[in-house]
Amino acid sequence: MSLLVVGSIALDTVKTPVEEHGDLLGGSASYAASAASYFSPVQLVGVVGSDFPQAEFDFWKSRKIDSAGVQRVEGKTFRWSGEYAWDLNTRETRSVALNVFENFQPELPKSYRQTDFALLANIAPALQSHVLKQMEKPRFVVADTMDLWIETTRAELDALLPHVDLLILNDSEAREMTKETSLIKAGRGIRKMGPRYVAIKKGEHGALLFGENEFFSCGAYPLEDIHDPTGAGDTFAGGMAGYLAGNVKKVTFTDLRKAMIYGSVLASFCVEAFSLERLRNLTMDEINERYETFKLMSQFEVPET
Ligand code: AMP
């Protein structure tokens, strides 16, 4: 089954304490679509300018990512630049140029409207709702968000939440949204705002998953070498939503637990190289090997006394 992915498509410049690279493929939809494409065909919705490389359209084609929903308009592609501190955790946005993204109105091709699974990757909540309204009857809707929308377009975000099955956000965003210090209270509080399930990402400390009477906590893959953390969250969301679209008819909490591990696995590969280079050439064997390691890491035995 296909997954519709809408979000930003960007050309990024990323600086870490040891390297700097420009004109990198980035944006929430680019990361999410690439991660999801390991599990299901993807229908991509976004906008790029006339400076966007044709080679990326060829890459999408090679990964079964349908780009019929990507508008190509006169002007420059959305550009974002960020710089990481030595811990590769703290990040400062150096510049943002919305360019063609400023007037983006996502329009779904007819062939996308009956798709069952959707991932509303990080963009303004009003645009996420605009996409959802064009879908006939999506069975499972995943949405991502960020602090910017919690702070500047809260009413639009609140209006979207009742139509979302799974909301994914990070720990500081969950605290900001609920004004709760405890992430457990925050997860439960966000569920009351509409989404049936809530996933809270805790960076290198893993992620939490909340259902009605269900709870799951998973760790992060212990990586020694991180080169570029950009897009890890979008990749996590893409891995989760892609796994569900490709493998599940009626989503249960057990499916969501597995999806969360696959999301974590894909995110762990993402940060091993700049941009989404590592997501271009992964193999299913590599993905499944890390999935098995995750399972082993979570097992423990209580010694007999
Ligand atoms: P993350 O590391 O998960 O925050 O994602 C970083 C990606 O988000 C980069 O590739 C940026 O191009 C993209 N991005 C940055 N700001 C925004 C924004 N306001 N809306 C949508 N995407 C953005």
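Please read all numbers here as calculations on a predicted model, not as lab measurements.

### Brief notes about the overall build of the protein
So, step 1. Helices and strands together make up the secondary structure of the protein, namely 10 helices and 13 strands.
So, step 2. Each principal axis of the C-alpha atoms in the protein carries an extent, and together these give about 70 × 45 × 40 Å.
So, step 3. A burial count over the protein gives 53% of its 305 residues as buried.
So, step 4. Counting contacts in the protein only where the partners sit at least 6 residues apart, residues at least 24 apart contribute 64% of the total.
So, step 5. A total accessible area of about 14,200 Å² is found for the protein, and carbon and sulfur atoms account for 49% of it.

### Digging into the site of the ligand
So, step 1. With respect to spatial proximity, 16 residues lie near the ligand, and among them Ser 8, Asp 12, Gly 27, Arg 91 and Gly 231 are the closest.
So, step 2. The contact in question runs from an oxygen atom of the ligand to an N or O atom on the side chain of Arg 91, over 2.9 Å.
So, step 3. Gly 231 is positioned with one of its backbone polar atoms (N or O) 2.8 Å from an oxygen atom of the ligand.
So, step 4. Protein chains bury 86% of the 510 Å² of accessible surface belonging to the ligand in isolation.
So, step 5. Among the secondary structure elements, those contributing two or more residues to the shell around the ligand are strand 2 (10-15), strand 6 (78-84) and helix 8 (232-247).

### Some remarks on the packing of helix 9 (residues 253-270) against helix 10 (residues 284-298)
So, step 1. The N-to-C vectors of helix 9 and helix 10 enclose an angle of 120°; their axes lie 9 Å apart at closest approach. The angle between helix 9 and helix 10 falls in the class oblique. Of the two possible hands of crossing, helix 9 and helix 10 adopt the one that is right-handed. Where helix 9 approaches helix 10, its residues Lys 258, Ile 261, Tyr 262, Ser 264, Val 265, Leu 266, Ser 268 and Phe 269 are matched on the opposing element by Glu 286, Ile 287, Asn 288, Arg 290, Tyr 291 and Phe 294.

### Digging into helix 2 (residues 54-62)
So, step 1. Along helix 2, the residues that are buried comprise Glu 56, Phe 57, Phe 59 and Trp 60. Down the axis of helix 2, the buried set is contained in an arc of 155°. They therefore lie on one face. Every exposed residue of helix 2 that faces more than 90 degrees away from the buried side is listed here: Lys 61 and Ser 62.
So, step 2. Residues of helix 2 that are buried make contact with strand 3 (20-26), helix 1 (28-36), strand 4 (42-48) and strand 5 (65-72).
So, step 3. Backbone geometry just downstream of helix 2 places Lys 64 in the positive-phi region, at approximately 60°.

### With respect to the sheet that holds strand 8 (residues 117-120)
So, step 1. Spatially, 5-4-1-8-9-10-11-12-13 is the arrangement adopted by the nine strands of the open sheet, whose pairing is mixed. The sheet is open, and its two edges are formed by strand 5 and strand 13 (215-218), each paired on a single side. Between one strand axis and the next, the sheet turns by 15° as a mean value, whatever way the strands run.
So, step 2. As judged from the four bridges shared by strand 8 and strand 9 (residues 140-144), these two strands associate in the parallel manner. Looking across to strand 9, one finds that Phe 117 is bridged to Phe 140.
So, step 3. Each of strand 4 and strand 5 touches helix 2; the most contacted strand, strand 5, lies at about 150° to it.
So, step 4. Of the strands in this sheet, strand 10 (166-170), strand 11 (197-201), strand 12 (207-210) and strand 13 are in contact with helix 7 (residues 183-191), which crosses strand 12 at around 40°.

### Considerations on the side chain of Asp 144
So, step 1. Take Asp 144: it is sitting in strand 9.
So, step 2. Buried and without a salt bridge, Asp 144 has Lys 201 as its closest oppositely charged side chain, separated by 4.1 Å.

### What about the packing of aromatic side chains?
So, step 1. Throughout the structure, instances matching the rule amount to 14 aromatic pairs.
So, step 2. Joined through ring pairs, the aromatic side chains of Phe 39, Tyr 243, Tyr 262 and Tyr 291 make up one cluster.
So, step 3. Above the ring of Tyr 38, the side-chain terminus of Arg 63 is found at 3.9 Å from the ring centroid.

Rules used in this analysis
- Throughout this document, residue positions are counted from 1 along each chain, in the order its sequence is written.
- Per-residue local features of the predicted model are confined to residues with pLDDT of at least 70, and side-chain atom pairs are confined, for both listing and counting, to 80 or more; whole-chain, interface and lining totals are unaffected and use all residues.
- Water and hydrogen atoms play no part in the side-chain values, which are based on all heavy atoms of the structure.
- Counting from the N terminus, the helices are the DSSP runs of H or I reaching at least four residues and the strands are the DSSP runs of E reaching at least two.
- The classification of residues rests on relative accessible area computed with a 1.4 Å probe and restricted to protein chains. Under 20% of the type maximum is buried, over 50% is exposed, and intermediate values are partly exposed.
- Residue contacts are defined here by distance: any two heavy atoms, one from each residue, within 4.5 Å place the two residues in contact.
- For accessible areas, the Shrake-Rupley method is used with a probe of radius 1.4 Å. Any residue's cover is judged against the shown protein chains and nothing else.
- Near is defined per residue: the residue qualifies when any heavy atom it owns lies within 4 Å of the molecule or strand.
- N or O atoms within 3.5 Å of each other form a polar contact, as long as, within protein, one can give a hydrogen and the other can take it, and as long as residues adjacent in sequence are counted only when both atoms are side-chain atoms.
- Convention adopted: a line fitted to C-alpha atoms gives each axis, helices being fitted over their contacting stretch, and angles between N-to-C directions are expressed from 0 to 180 degrees.
- In these notes the angle categories are as follows: under 35 degrees is roughly parallel, over 145 is roughly antiparallel, 65 to 115 is roughly perpendicular, and the rest is oblique.
- In this scheme the crossing of two helices becomes right-handed for a clockwise turn of the near helix relative to the far one and left-handed for an anticlockwise turn of less than a right angle.
- By construction, the arc corresponds to the directions joining the helix axis to the C-beta atoms.
- Any two strands with at least two DSSP-identified bridges between them are counted as paired.
- The charge count treats Lys and Arg as positive and Asp and Glu as negative. His and the chain ends do not count.
- Salt bridge criterion: a side-chain nitrogen from Lys or Arg within 4 Å of a carboxyl oxygen from Asp or Glu.
- Planes of paired rings set the category: under 30 degrees apart is stacked, over 60 is edge-to-face and the rest tilted, where pairs are Phe, Tyr or Trp rings (Trp by its six-membered ring) whose centres lie within 6.5 Å.
- As a reminder, the over-ring test applies to NZ of lysine and CZ of arginine, requiring each to be within 6 Å of the ring centre and within 35 degrees of the ring normal.

Remember that the coordinates give geometry; whether it matters functionally is a separate question.
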